[in-house]
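Structure at a glance
Each chain, written out:
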Amino acid sequence: MLREPRQVPKSTLLADSLKQSESLPLLVSGQGVFIFRSEKESLEGMNVVFLNKDGTDGVDFLLTSTGVTATRTESRDKYIDPDNVSGLTDLPGAYYWISLDSQNQRFYVGVGEARLDTIIYTFTFPPRDPKDTSLWEENKRFLESIDHLKADSYKVRGMRLLRDPITTKVALNVKGRNEITMTDIAEARCIPVANMSVVCQQMHQCVSGAKFVLDDADFPEFSKAIEYSIATPGCWCYDTLQEKKNEFNPDDPNIDGTYLRITLGDNDGESPGIPYVMEIWPIGHYSPIHNHAGANAVIRVLRGTINVSLYPFLCKDAEKVKPFAVTDFKKDDVTWITPYLNQVHMLKNLDTSKETCITIQCYLYDKMEDMHYDYFDYVSEKGSIEQYEPDSDAEFMEFKNTMKREWELRNAGESHMSSCFGWSRQSI
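All of these numbers come straight from a predicted model, not from anything done at the bench.

Bringing the pairing of strand 8 (residues 106-111) into the picture now. For strand 8, a buried count of six out of six residues is recorded, marking the element as mostly surrounded by other parts of the structure. Here strand 8 shows two buried faces, one formed by R106, Y108 and G110 and the other by F107, V109 and V111. As paired strands, strand 7 (residues 96-101) and strand 8 are joined by six bridges and run antiparallel to one another. Its bridge partner lying in strand 8, L100 is registered against F107. Count of turn residues in the strand 7/strand 8 antiparallel hairpin: four residues, of which Q105 carries a positive phi of about 50°. Where strand 8 and strand 9 (residues 119-124) come together, five bridges link them in antiparallel fashion. The residue bridging R106 from the neighbouring strand is T124, located in strand 9.

And the structure:
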């Protein structure tokens, strides 16, 4: 079923819980995803063993720098993926995951976010033979008997355990019940709102309404006024962008590496920075590669098109970690972020665009999250991981009133020129 994977209670995510007992129960026997990293970020081999209740049988996964080996613990049968050519990496920030799937009788191993896009190893047991189902049934009983895992506590740091295995491509677009089609589901084109986490559903409700728009009855020229302000020296947007050109690159000012953050409301302590942020992306402007402090987010495009590159993990050697997906989101498209999916990205309003892109971002931590990290980590152009504290360039109503004043002055100036020289914008 196309949905966001569910997570376990936070108490079972702590690395210490794995170290103390050296055993971690699966949420459902025979299935789940274990996400982990190397304690030493080295290329020494790491073992994770999935076992049945009494520990007499299971599957031993060995990750090395050259690949992944899976071995049945009782019979010593090897589960070989002939296409697997990689395993552990020395890239900073890398982490790993193993998916156990008894229903589809399949193993996956991947690097970075747990999703089909990051798989490096696959093994699928032989399909059911209609004439003799005994082998298929035997394998299913074996896989369903697995109920816990063990790992070398000196090398493996457990990060998270998911209830459901990885089965379906993660859809990036979100659609409500009156928009989604059967083809959308069949081809995994989007994720239904109902299948998002409760926190993401809450945020979606806040920013997806028909009246949540820029150009409202109060100021129907709002987006045009923003374009004018960006293009005109002395106006607020133009001058603020100039002031921000050092923000992410203090030693090498770059105005294209900037965007404007207009905040709505106050910071109530439930998000990294103020939870509602309108972001303004002039043509050609972009963000650094960054993550989102382990928070959930929903992003809606209010105007234009934003190009998004998604990365498996945040790494200071950015040139060595390629995006696994690059896609465009257009006006009224909605996408999403959770603590473990779609977390690392770069946004850009492409140079070929014809208009400023404006998005609305909404951020919230999980309710169970009692440790907040109120920074976005980003990759600097110097090749280091830096912290960015989500800030505000202006409060929304203050910004809107500024745009109104600039627009009125512009129109007053044009009206004066028209009366003096007998022309209007419509006549030129």
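Let's shift gears to helix 2 (residues 134-145). Helix length check: helix 2, at 12 residues, gives a terminal C-alpha distance of 17 Å against a target of 16 Å (1.5 Å per residue), a fit within 8%. Packed against the buried residues of helix 2 are strand 4 (58-63), strand 5 (68-72), strand 6 (78-79), strand 7, strand 8 and strand 10 (146-151).

Turning our attention to unusual backbone geometry. Phi is positive for Q105, which is not a glycine, with a value near 50°. When you line up the elements, Q105 lands in the loop between strand 7 and strand 8. Relative accessible area serves as the criterion here: at 1%, Q105 is assigned to the buried category. Positive phi outside glycine occurs at A188, with the angle close to 50°. Looking at the element boundaries, A188 is found in the loop between helix 3 (182-186) and strand 13 (190-192). On the basis of relative accessibility, which here comes to 17%, the residue A188 falls in the buried class.

If you trace the six strands from one edge of the open sheet to the other, you get 19-16-21-15-14-24, paired in mixed fashion. The sheet is open, and its two edges are formed by strand 19 (334-337) and strand 24 (394-395), each paired on a single side. Across four bridges, the pairing between strand 16 (residues 296-303) and strand 19 is antiparallel. Its bridge partner being in strand 19, I299 is matched across the sheet by T335. Of the strands in this sheet, strand 14 (260-264) and strand 24 touch helix 6 (residues 236-243), which is tilted by about 115° from strand 14.

Quick look at the sheet that holds strand 9 now. With antiparallel pairing, five strands are arranged side by side in an open sheet as 9-8-7-2-11. With partners counted over all chains shown, the strands left at the sheet margins are strand 9 and strand 11 (156-162), one partner each. Across the sheet, the mean angle from the axis of one strand to that of its neighbour is 15°, orientation sign disregarded. Examined bridge by bridge, strand 2 (residues 31-38) and strand 7 share six bridges and lie antiparallel to one another. Residue pairing for strand 7: V33 is matched across the bridge by S99.

The rules we used
Residues numbered from 1 in each chain as written. Predicted model: local features only at pLDDT ≥ 70, side-chain atom pairs only at ≥ 80, totals over all residues. Heavy atoms only, no water. Buried < 20%, exposed > 50% of the residue type's maximum accessible area, 1.4 Å probe, protein only. Helix = DSSP H or I, 4+ residues; strand = E, 2+ residues; numbered from the N terminus. Pairing = 2+ DSSP bridges. Expected span 1.5 Å × (residues − 1). Contact = heavy atoms within 4.5 Å. Axes fitted to C-alpha atoms, helices over the stretch in contact; angles between N-to-C directions.

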